[in-house]
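Examination of the molecular architecture
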Amino acid sequence: MMNKTLLLLFVAIVFGSCDSNKSIQRQAPPQNIQSENPHYLKLIERKGTAYEKGYQYGVQMKEDIALQLAVWDSVVKEGVNLSQEEIYRLIAEQTGFLEAINRYTPDLLEEINGIADGAEVDRKALLCFNLAEEVMNYFQNGYESCTNAGVKNEDENLIAYNQDLPAFLHGNNTPIILNDEHTFLFAFPGSIGTSGMTKDFAVTCNSLPMLHMNKRGLPLSFMVRKLLTFPSIEKAKDFLQETPLAIPQNLMMVDRNQIVNLEISANQLVEHQNPTSDRFLYHTNHPLVNTDFRQGVERETVCERFNHLDSLFTSFPEAEHFPPSLLEKAMSTQAPANINSKDTYFRFIGRYPQNKNFPPSMVVYNPQKGKKPLVLTFN
């Protein structure tokens, strides 16, 4: 849980001045596994306008959202003795977050209004809550969260992601998948989503808290949602080149043809490429190529999670097919690498076959051992 020091930093820094080895082309496409209505996540189908989608979400998750906001409110009050109204005023007066949201993603502001109305909670409080990533991913120095990895096989590209969140963002431990008409978004109660997949490509993110932030930039959740509206990684990269991101992040994007890994801070956008193999890319919470470090921050570049993945991928025979089952096993590792831990809120593997006759698919793994994964396909 966020401690008092972290929240004091938040105010002081922000308001004073982050299978098998068989080819998929020889297999039938994955089938949806939804018959058991898994208790470990909530799949919400949404249609309509941005406001209507938000309203549908708010109604279905009303109790969870109210609980989540209450916990968030208590954390803020305990840390800095500020109300949600005061937090909103400070954001509006001393950052450019709201201006960026209105400029680049006004539809997402409407969605948040819909969520708030459906859940019968305050609109401004929910908007502030959707800026929680700006608190947790940037201001919690040394906090290690989230791991991603991309694999290029001859027949398909894979992306694997573990999202780790502090306990107070877990709500009732019911991860949410928002199905927005051919877009799957991962969210926690009240959030608009922090990663996702479309039939065209997937986007995941890892915090890089030791790099510089941009107080005039577009907040992370809004940026991820915006990127997923583009028809290609190339168009998404163009938007990133033109639009500042509020907090420093590693963004990994995967489609049928490529894996792109970007390290983004206030003053640099650098593409990371694996120096030993163009088949594998993997990242944790330390910059590998971006040098835009904040003053006085220790310049760490690796961690145990990264070392574990590095050892796995560098030792794998270059000519062999890297199976999704091995990638799932790698991402579920606990001691000593602790890629999967008590902070892991959800994890998934996305599959993009190069044969366009087969649709992309997503396998969502249950954090509880022994439970079936959920398989979703873009039909």
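What comes next concerns the included structure. (Residues numbered from 1 in each chain as written. Predicted model: local features only at pLDDT ≥ 70, side-chain atom pairs only at ≥ 80, totals over all residues. Heavy atoms only, no water.)

**With respect to unusual backbone geometry**
Note the cis peptide between Ala 335 and Pro 336, where omega equals 0°. Positionally, Pro 336 belongs in the loop between helix H12 (324–331) and strand E12 (344–353). Its identity is not glycine, yet His 182 carries a phi of approximately 80°, on the positive side. Along the chain, His 182 falls in the loop between strand E4 (176–179) and strand E5 (183–187). Look at His 182 and you get exposed, because its relative accessible area is 51%. You will see that Asn 338, though not glycine, has its phi angle at about 55°, which is positive. The residue Asn 338 is located in the loop between H12 and E12 in this model. (Helix = DSSP H or I, 4+ residues; strand = E, 2+ residues; numbered from the N terminus. Buried < 20%, exposed > 50% of the residue type's maximum accessible area, 1.4 Å probe, protein only.)

**Details of the environment of Leu 376**
Tracing the backbone through its elements, the reader meets Leu 376 in strand E14 (residues 374–377). C-alpha of Leu 376 to C-alpha of Pro 360: the two residues are 16 residues apart in sequence and 8.8 Å apart in space.

**Comments concerning the sheet that holds E4**
One open sheet holds the eight strands; their spatial order is E1-E4-E5-E6-E7-E8-E9-E10, and the pairing between them is mixed. Across the chains shown, the open sheet's two edge strands, defined by having one partner strand only, are strand E1 (42–45) and strand E10 (269–271). Each adjacent strand pair in this sheet contributes to an overall mean axis angle of 20°, direction not counted. Packed on one face of the sheet, helix H2 (residues 50–60) meets E1, E4 and E5 and runs near 145° to E1. Packing against the sheet, helix H10 (residues 233–242) makes contact with strand E8 (249–254), strand E9 (259–264) and E10, and its axis sits at approximately 160° to E8. (Pairing = 2+ DSSP bridges. Axes fitted to C-alpha atoms, helices over the stretch in contact; angles between N-to-C directions. Contact = heavy atoms within 4.5 Å.)

**Some thoughts on the nonpolar core**
If you look at the biggest cluster of nonpolar residues, it comprises 85 residues, and the most contacted ones within it are Tyr 57, Ile 65, Phe 222 and Met 253. Ala 160, Cys 303, Leu 309 and Leu 312 belong to the second largest nonpolar core, which has 22 residues in total. (Core = buried A, V, L, I, M, F, W, Y, C linked by side-chain atoms within 4.5 Å.)

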